[in-house]
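If you want the building blocks of each chain, they are given just below.
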Amino acid sequence: MGRRYTKFLPLLIFLNAASWYLKNLAPTIFGGDSPELITAGYHLGVAHPTGYPLITLLFKLAQTIPLGSIAWRTNLFNSFLAALIITLLYCLIKNLTIRTLPALVAALFFAFSGTFFGEALISRVYLVNVFFTTLVIYLLTFESANYLSLAVFLSAIGLTNHYFAMLVIPVILLFFFRLQMTDIGRNLATLSFFGLGLMVYLYLPLRSVSHPFPNWATPYNLTYFLNMVTQQSYRFKMLSRELLDIREILLRLGGSFLFEFYFLGAVAALYGLITCFQKRRLNIWNVLLLIVIGNLAIVILYGSKQEFYTLYFLPTYLVGSIYLGLGLGRVYHKFNRLRPLFISTGLILFSLAGFFLGFYFADDLSQRNNFFFYDFAKNFNLSIYYPGSSTLMN
């Protein structure tokens, strides 16, 4: 495919993904942290630890859109962010493999993977984390000192959204080594960008003194602020797993990867992982494995007993889709003489797969008719207004 056509592919990918997410978007609040975060955004409040200042500000910005309800506007923001992630992922893989078709297919697999698709329809913190992780990895593929400084800055901003953003920090440090950055002044300037990105956390004490709603842990002084951002109230979860529980997590992670990418996708990702170590030198491909290892370590060390949520492994699924693109790229290279046939066939399959996968997930994961949490909250609030009523909470 010529450059004349491929330059429009990112836009087409974005519109294709956004259309599916918008079609299945939740019309109102969802369970978990969604109602709290939407409320924190609306009132410019302070959410539960770590406070999530970045997502609060982003949600407030999204809620200024003069369309639909406050909750729907916030969900809309997440759906378009998800489409942007898929577009960025395509550009990332294409930048690494120099192949259009493998990048298209890998991005498609991730776009319609169950966990990512589900998160694209509601309002939570995890997609913002995936966005910053993808963007940082994309910048690192250029192997430029200037882009490295920007990656450091964005990784720090990502940390103000969710601590899972720390997973890219070892990757950035290894790129310092790879680029042989020995200029102390330049290194200090780059590190200053990290501190600059963390300035978003100042929102918490500055806003807390105004007593907004909600105002978790009232982080208006240094002690309360540090307790908030380090999640002191959740420390009981640390090291609470047993060895059998850890083995169960590893087995379930393997099973969930098969569910997310199906058998063929998982095989292609495994092939890509194996081939990336054949060159025996430090590169972006094998360094990405650090994100998977770090992701596992955080979930194992910082999770309550028997707790397993696939959304915690979104960084691992993201890296898996990149390895999937590498695996497909290597297969594509081996069939170099059949390239024209592969391109035309692949584009047709991409279009058909996008339609049928979207149609399939529309039934299983669609939230467009899900009013359960809205109705539950509404009926609960109405019930406590009746004379003599009481509320029991555990």
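Caption draft 1: Geometry of the overall build of the protein. Within the protein one finds 19 helices and zero strands. Taking all 394 residues of the protein together, the buried fraction comes to 50%. Across the protein, contacts joining residues at least 24 apart in sequence account for 78% of those joining residues at least 6 apart. Carbon and sulfur atoms make up 68% of the accessible area of the protein, which amounts to about 19,600 Å² in all.

Caption draft 2: Unusual backbone geometry, seen in detail. The omega angle of the peptide bond from Pro49 to Thr50 is 15°, so this bond is cis rather than trans. Counting through the fold element by element, Thr50 comes out in the loop between helix H3 (34-43) and helix H4 (53-62). For the bond running from Phe213 to Pro214, omega is -5°, close enough to zero to count as cis. Considering the arrangement of structural elements, one finds Pro214 in the loop between helix H12 (203-208) and helix H13 (222-229). With a phi close to 50°, Tyr52 is a non-glycine residue in the positive phi region. Note on placement: Tyr52 falls in the loop between H3 and H4.

Caption draft 3: Broad picture of the packing of aromatic side chains. This model, assessed by the stated rule, comprises 19 aromatic pairs. Aromatic side chains Trp20 and Phe112 sit 6.4 Å apart centroid to centroid with 75° between the ring planes, which places their arrangement in the edge-to-face category. Separated by 92 residues along the polypeptide, Trp20 in helix H2 (residues 9-23) and Phe112 in the loop between helix H6 (100-111) and helix H7 (114-119) bring together distant segments of the chain. Note on accessibility: Trp20 and Phe112 belong to one class, buried.

Caption draft 4: Up close: helix H17 (residues 314-334). Taking 1.5 Å as the rise per residue, H17 with 21 residues should run 30 Å; its terminal C-alpha atoms sit 30 Å apart, in good agreement. Extensive coverage of H17 is indicated by the burial of 16 of its 21 residues.

Caption draft 5: The arrangement of the side chain of Arg73 in detail. Tracing the chain through its elements places Arg73 in helix H5 (residues 70-97). Look at Arg73 and you get buried, because its relative accessible area is 16%. Within the structure, Arg73 has its side chain in polar contact with the backbone oxygen of Gly68 (distance 3.2 Å). In contact with Arg73, other than residues within four places in its own chain, are Ala62, Gln63, Thr64, Ile65, Pro66, Leu67 and Gly68.

Caption draft 6: Seen up close, the side chain of Thr134. As for its placement among the helices and strands, Thr134 is situated in helix H8 (residues 126-140). By relative accessible area, which is 0% here, Thr134 ends up buried. Contacts of Thr134, omitting those with residues within four sequence positions, involve Ile85, Leu88, Leu89, Leu92 and Leu318.

Caption draft 7: Just the pattern of salt bridges, in detail. According to the stated counting rule, one finds one salt bridge in the structure shown. In this structure, the salt-bridge partner of Arg124 is Glu119, at a minimum N-O distance of 2.5 Å.

Caption draft 8: Just the environment of His211, in detail. With respect to the secondary-structure elements, His211 resides in the loop between H12 and H13. A relative accessible area of 62% means that His211 is categorised as exposed. A C-alpha to C-alpha distance of 8.1 Å links His211 and Gly45, two positions 166 residues apart in sequence.

Caption draft 9: Focus on H6. Over its twelve residues, H6 extends 16 Å from the first C-alpha to the last, a length consistent with the 16 Å expected when each residue adds 1.5 Å. Summarising burial for H6: ten of the twelve residues are buried, a large majority. Buried within H6 we find Thr100, Leu101, Pro102, Ala103, Leu104, Ala106, Ala107, Leu108, Phe110 and Ala111.

Caption draft 10: Spatial organisation of the nonpolar core. Grouped together as the largest cluster of nonpolar side chains are 91 residues, with contacts concentrated most on Tyr21, Phe110, Phe116, Leu140, Ile284 and Ile322. Not counting residues up to four positions away in its chain, the partners in contact with Phe116 are Tyr21, Ala82, Ile85, Ile86, Phe110, Ala111, Leu127, Val130 and Leu314.

Caption draft 11: Representation of a nonpolar patch on the surface within the structure. The grouping of Phe193, Leu196, Met199, Leu202 and Leu206 at the surface amounts to a nonpolar patch, some 490 Å² of accessible area in total. Inspection of the secondary structure assignment puts Leu206 in helix H12.

Caption draft 12: Main features of the confidence of the model for the protein. Summarising the model, the protein shows a mean pLDDT of 84, and 82% of its residues fall at 70 or more. Mean pLDDT values for the elements of the protein range from 60 in helix H18 (residues 339-364) up to 96 in H4.

Caption draft 13: Region of the structure containing the environment of Met228. Summarising the element assignment, Met228 is placed in helix H13. Once you skip the residues sitting within four places of it in the chain, Met228 turns out to touch Val46, Ala47, His48, Pro49, Thr50, Gly51, Leu204, Trp216, Ala217 and Pro219.

Caption draft 14: Structural context of the packing of H8 against helix H9 (residues 145-159). Put simply, H8 and H9 touch, their axes get as near as 9 Å, and they point 170° apart. It follows from the interaxial angle that H8 and H9 lie roughly antiparallel. Packed against H8, whose contacting residues are Phe132, Leu135, Val136, Leu139 and Leu140, the element H9 presents Tyr147, Leu148, Leu150, Ala151, Leu154, Ser155, Ile157 and Gly158 at the interface. In terms of residue class, the contact of H8 with H9 is made up of eleven nonpolar, two polar and no charged.

What counts as what
Residues numbered from 1 in each chain as written. Predicted model: local features only at pLDDT ≥ 70, side-chain atom pairs only at ≥ 80, totals over all residues. Heavy atoms only, no water. Helix = DSSP H or I, 4+ residues; strand = E, 2+ residues; numbered from the N terminus. Buried < 20%, exposed > 50% of the residue type's maximum accessible area, 1.4 Å probe, protein only. Contact = heavy atoms within 4.5 Å. Areas by Shrake-Rupley, 256 points an atom, 1.4 Å probe, with all protein chains shown as cover. Phe/Tyr/Trp six-rings, centres within 6.5 Å; stacked < 30°, edge-to-face > 60°. Expected span 1.5 Å × (residues − 1). Polar contact = N/O pair within 3.5 Å; in protein donor to acceptor, adjacent residues only side chain to side chain. Salt bridge = Lys/Arg side-chain N within 4 Å of Asp/Glu carboxyl O. Core = buried A, V, L, I, M, F, W, Y, C linked by side-chain atoms within 4.5 Å. Patch = residues over 30% accessible without salt bridge, like charges linked within 9 Å, V, L, I, M, F, W, Y side chains within 5 Å. pLDDT = per-residue confidence, 0-100. Axes fitted to C-alpha atoms, helices over the stretch in contact; angles between N-to-C directions. Parallel < 35°, antiparallel > 145°, perpendicular 65-115°, else oblique. Nonpolar A, V, L, I, M, F, W, Y, C, P; charged D, E, K, R; others polar.

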